Amino acid sequence: MLEDPDELAVLEEIQQELILQEQSVIEEYERSLQFDEECLNAMLDGLDVSDKVICPVCRKNNLTVRNHLVFCQCGLYISTQGMTEGKLRSLLENTVTEHSDRCFHNPEFTVTSGMEEEAASLLMSCPV
């Protein structure tokens with residue numbers, strides 16, 4: 001048992017400091033969780049709202065898909081028939097998934113130039 005009131009006061013002061021530190025750590029943790037949750041919600045909102053397809057060639061811009069055309073700001077320009085963003089996304093996802101089932105490397109996409117009357121095509125290749 002402590003009998004010196006000064007020792008007791010010092011211990012109480014240390015206890016209060018520890019409690020304040022603990023509260024500060026908990027508050028910081030809660031702020032971090034809230035930030036993470038806000039980021040996740042923003043990403044999910046973007047996925048729900050956007051039906052866009054990211055260009056597989058430049059991997060920066062969204063593709064624009066019209067009835068007979070797929071193009072990107074990077075210069076990708078492909079003539080198509082009846083292509084929609086949903087169909088294009090599905091084709092790209094299926095092809096990349098099929099590749100990743102057999103290979104751990106990321107495929108690369110390029111646009112082949114059309115010969116004479118043949119239209120340009122999107123080509124997926126693996127560097128390995």
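Residues numbered from 1 in each chain as written. Predicted model: local features only at pLDDT ≥ 70, side-chain atom pairs only at ≥ 80, totals over all residues. Heavy atoms only, no water.

- In the nomenclature of an unreviewed UniProt entry, the chain is known as RPA-interacting protein of Pygoscelis adeliae.

1. Digging into a nonpolar patch on the surface
Part 1 of the argument: A contiguous nonpolar surface patch, about 350 Å² in accessible area, is contributed by Val10, Leu11, Ile14 and Leu18.
Part 2 of the argument: Tracing the sequence through the fold places Val10 in helix α1 (residues 5-49). (Patch = residues over 30% accessible without salt bridge, like charges linked within 9 Å, V, L, I, M, F, W, Y side chains within 5 Å. Areas by Shrake-Rupley, 256 points an atom, 1.4 Å probe, with all protein chains shown as cover. Salt bridge = Lys/Arg side-chain N within 4 Å of Asp/Glu carboxyl O. Helix = DSSP H or I, 4+ residues; strand = E, 2+ residues; numbered from the N terminus.)

2. Some thoughts on the pattern of salt bridges
Part 1 of the argument: Inspection of the entire model under this criterion finds two salt bridges.
Part 2 of the argument: Residues Arg31 and Glu28 are paired through a salt bridge, measuring 2.7 Å at the closest nitrogen-oxygen approach. With Arg31 and Glu28 both in helix α1 and three residues apart, the pair spans about one turn of that helix.
Part 3 of the argument: Using a relative accessible area of 46% as the deciding quantity, one classes Arg31 as partly exposed.
Part 4 of the argument: Taking relative accessible area as the criterion, Glu28 reaches 45% and is therefore assigned partly exposed.
Part 5 of the argument: As a salt-bridge pair, Glu98 and Arg102 come within 3.1 Å of each other at their nearest N and O atoms. Taken together, the residues Glu98 and Arg102, both in helix α2 (residues 85-102) and four residues apart, mark about one turn of the helix.
Part 6 of the argument: The partly exposed category is assigned to Glu98, whose relative accessible area is 48%. (Buried < 20%, exposed > 50% of the residue type's maximum accessible area, 1.4 Å probe, protein only.)

3. Some words on unusual backbone geometry
Part 1 of the argument: Even without a glycine there, the phi angle at Arg59 is positive, about 60°.
Part 2 of the argument: One can find Arg59 in the loop between α1 and β1 (64-66).

4. Side note on the nonpolar core
Part 1 of the argument: By size, the foremost hydrophobic cluster in this structure holds 13 residues, and its most contacted members are Cys55, Leu63, Val70, Cys72, Leu76 and Leu88.
Part 2 of the argument: Not counting chain neighbours up to four residues away, the residues in contact with Val70 comprise Leu63, Thr64, Val65, Leu76, Tyr77, Ile78, Thr80, Met83 and Leu88. (Core = buried A, V, L, I, M, F, W, Y, C linked by side-chain atoms within 4.5 Å. Contact = heavy atoms within 4.5 Å.)

5. Some details on the sheet that holds strand β2 (residues 69-71)
Whenever strands of a sheet pair, they do so through backbone hydrogen bonds, lying parallel or antiparallel.
Part 1 of the argument: Read from one edge to the other, the open sheet built from three strands follows the order β1-β2-β3, with strand pairing classed as antiparallel. Across the chains shown, the open sheet's two edge strands, defined by having one partner strand only, are β1 and β3 (77-79). For this sheet, the mean angle separating the axes of adjacent strands, direction not counted, is 10°.
Part 2 of the argument: Where β1 and β2 come together, three bridges link them in antiparallel fashion. For Arg66, the partnering residue across the bridge sits in β2 and is Leu69. (Pairing = 2+ DSSP bridges. Axes fitted to C-alpha atoms, helices over the stretch in contact; angles between N-to-C directions.)

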